[in-house]
Amino acid sequence: MLIKSSKQVSRWRTPKRFPVSRNSGASPASRIEPGVSWPEPEGATRVQRFKVYRHDPESGKNPRIDTYAIDRDKCGPMLLDALIKIKNEIDPTLTFRRSCREGVCGSCAMNIDGTNWLACIRSLDEISEPSTVYPLNNMDVIKDLVGDQTHVLAQYQSITPWLRSKTPAPAGHERLQSPEERKRLDGDYECILCFCCTAGCPSHWWNGDRFLGPAILLQAHRWLVDSRDEATGERLDELEDPFKLYRCHTILNCTRTCPKGLNPGKKIAEIKLMIQQRRS
Amino acid sequence: MSDWKRHDPLNRNPATARSSALYRAIGLGSAKSGAHHWWVQRVTAVALVPLLVWLVASLLAHARGDHQVLALWLGQPAVAVTMAVLLMALFWHMKLGLRVIVEDYVHADRVKFAALIAVDLVCLALLAIGVFASLYLAFR
């Protein structure tokens with residue numbers, strides 16, 4: 001089945017996690033140790049438990065999995081509501097990023113039940129009991145659910161994600177686009193750079209130092225198809241590289257996990273086609 | 001980025017480096033190649049679809065024949081030429097695919113370069129043996 005969007009429901013039930021033991025291949029400092037089970041709410045009829053990854057690299061201790069339980073009747077509908085409730089009422093040391101609480105800022109991207117998604121738009125009705133909450137797979141943990149985005153943001157900077165045009169801006173009005181030209185940005189401009197896709201991409205796991213990853217390639221595509229940008233050739237020159245672009249092997253984890261329902265896999269294929277178009 | 005992930009061919013980023021994240025993300029820049037590899041991999045894949053269907057169907061048709069029958073069939077000019085084309089597409093495709101696997105998973109430069117040379121030479125050797133066998137059956 002070709003994956004076209006994360007809205008697709010798979011016909012098969014796939015394992016939530018790749019079936020290997022949890023600590024397989026982890027460096028000694030990353031091995032997960034048993035954590036704390038926090039007290040359950042009293043008198044609750046609908047209890048939801050969370051197994052949350054806790055790690056503070058500065059403490060010198062190994063990561064652990066803490067178990068929290070909340071009363072669904074006294075909690076908002078989304079996972080982020082539950083995390084905020086845990087932080088407010090159970091354990092104030094739990095650390096995570098959050099801002100807009102409605103899926104437009106991309107701060108609360110995390111690995112929920114084995115799938116990268118935004119905590120603020122993952123309904124508690126959709127998660128397992130108990131549910132696992134881990135940080136994004138591919139980033140050094142700063143604390144708990146907060147990953148270090150320095151490298152992926154530097155990769156973003158490396159594709160010059162701004163308008164490069166030799167034609168001076170027209171006086172008195174903006175650089176104009178026809179509705180058709182604007183339409184080409186659909187499916188690109190909605191990206192909020194939450195890095196759910198890049199963190200789920202095996203090619204970026206193995207070669208993330210050189211492969212740009214789906215989020216950044218989607219952004220590169222956004223500037224390649226912009227009718228106002230005049231650096232298309234230079235941009236393609238920069239992208240044509242066995243690692244920067246061609247490390248994408250169309251695994252399509254990116255499209256499967258995009259919480260905005262975008263299709264980065266298709267956009268990467270379009271970049272490859274653009275390079276082929278100018279060669280023949 | 002984790003140290004174990006930093007494949008650092010020129011030792012530009014030793015543990016004491018104070019270089020910027022952008023410097024590390026840019027690395028050695030674009031190789032400005034890769035499109036040819038991508039295109040040829042697709043061309044050979046397209047070629048292999050009919051060729052492999054033909055090969056499997058032909059082998060099934062000769063399943064009841066003995067060695068002599070199969071050798072005679074392979075010796076026919078059209079079959080020998082098709083077989084040579086199939087072997088070229090197959091081993092070229094194999095060379096390109098194995099190269100990607102090595103680049104994906106082997107990160108120590110010396111081992112990687114040795115493995116890439118080995119992949120190319122082994123595929124070339126297998127191709128030479130296969131084409132020689134086809135011609136041998138055609139011209140003996």
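Note that the structure is a prediction, hence the values are computed from the model and not measured. (Residues numbered from 1 in each chain as written. Chains lettered and ligands numbered in written order. Predicted model: local features only at pLDDT ≥ 70, side-chain atom pairs only at ≥ 80, totals over all residues. Heavy atoms only, no water.)

## Topic: the overall build of chain B
At step 1: Along chain B, the regular secondary structure elements total five helices and zero strands.
At step 2: The N-to-C order of helical and strand elements in chain B reads α-α-α-α-α.
At step 3: When the 140 residues of chain B are sorted by exposure, 31% land in the buried category.
At step 4: Restricting the contact set of chain B to residue pairs at least 6 apart, pairs at least 24 apart contribute 65%.
At step 5: With the model as given, the accessible surface of chain B reaches about 8900 Å², and the carbon-plus-sulfur share is 71%. (Helix = DSSP H or I, 4+ residues; strand = E, 2+ residues; numbered from the N terminus. Buried < 20%, exposed > 50% of the residue type's maximum accessible area, 1.4 Å probe, protein only. Contact = heavy atoms within 4.5 Å. Areas by Shrake-Rupley, 256 points an atom, 1.4 Å probe, with all protein chains shown as cover.)

## Focus on the interface of chain B and chain A
At step 1: The interface of chain B with chain A comprises 27 residues on the first partner and 28 residues on the second.
At step 2: Along the contact surface separating chain B from chain A lie three salt bridges.
At step 3: B:Lys32 serves as the salt-bridge partner of A:Glu238, at 3.8 Å between the closest nitrogen and oxygen.
At step 4: There are 15 residue pairs in polar contact (both at pLDDT 80 or more) connecting chain B and chain A.
At step 5: Contributions of two or more residues to the side of chain B that touches chain A are made by helix H1 (21-26), helix H2 (35-61) and helix H4 (77-105) of chain B. (Salt bridge = Lys/Arg side-chain N within 4 Å of Asp/Glu carboxyl O. Polar contact = N/O pair within 3.5 Å; in protein donor to acceptor, adjacent residues only side chain to side chain.)

## Remarks on the confidence of the model for chain B
Should the pLDDT be low somewhere, the predicted coordinates at that spot are not to be read in detail.
Residues and elements named next belong to chain B.
At step 1: Chain-level statistics for chain B give a pLDDT mean of 90 and a share of 89% at 70 or above.
At step 2: Per-element averaging of pLDDT across chain B places H1 at the bottom with 90 and H2 at the top with 97.
At step 3: Of the two predicted TM-score estimates for the complex, the pTM is 0.91 and the ipTM is 0.88. (pLDDT = per-residue confidence, 0-100.)

## Considering helix H5 (residues 109-139) of chain B
Since the α-helix advances by 3.6 residues per turn, residues separated by three or four positions end up pointing in the same direction.
At step 1: Counted at 1.5 Å a residue, the expected span for H5(B) with its 31 residues is 45 Å, and the 45 Å between its end C-alpha atoms agrees.
At step 2: Where the residues of H5(B) are buried, they touch H4 of chain B. (Expected span 1.5 Å × (residues − 1).)

## Side note on the packing of helix H3 (residues 67-75) of chain B against H4(B)
Residue and element names in this part refer to chain B.
At step 1: The interhelical angle for the contact between H3 and H4, taken along N-to-C directions, is 80°, at an axis separation of 5 Å. Classified by the angle their axes make, H3 and H4 are roughly perpendicular. Here Trp73, Leu74 and Gly75 of H3 lie close against H4, whose contacting residues are Pro77, Val79, Ala80 and Met83.
At step 2: Across the contact of H3 with H4, the residue classes tally to six nonpolar, one polar and no charged. (Axes fitted to C-alpha atoms, helices over the stretch in contact; angles between N-to-C directions. Parallel < 35°, antiparallel > 145°, perpendicular 65-115°, else oblique. Nonpolar A, V, L, I, M, F, W, Y, C, P; charged D, E, K, R; others polar.)

## Re the domain arrangement of chain A
Residues and elements named next belong to chain A.
At step 1: Domain boundaries in chain A define domain 1 (32-147) and domain 2 (150-162 + 180-277).
At step 2: Of note, the centres of domain 1 and domain 2, computed from C-alpha atoms alone, are 29 Å apart.
At step 3: Taken together, the contact pairs 14 residues of domain 1 with 14 residues of domain 2.
At step 4: Of the roughly 1100 Å² buried at the junction of domain 1 and domain 2 (both faces included), carbon and sulfur atoms supply 62%.
At step 5: Summed over the shared surface of domain 1 and domain 2, the number is four residue pairs in polar contact (both at pLDDT 80 or more).
At step 6: A per-element tally of the side of domain 1 that touches domain 2 places strand E5 (residues 115-118) first, with four residues.
At step 7: A breakdown of the residues in the side of domain 1 that touches domain 2 according to their chemical character gives eight nonpolar, six polar and no charged. (Domains from an automatic or database assignment. Buried area = accessible area lost by both parts, 1.4 Å probe.)

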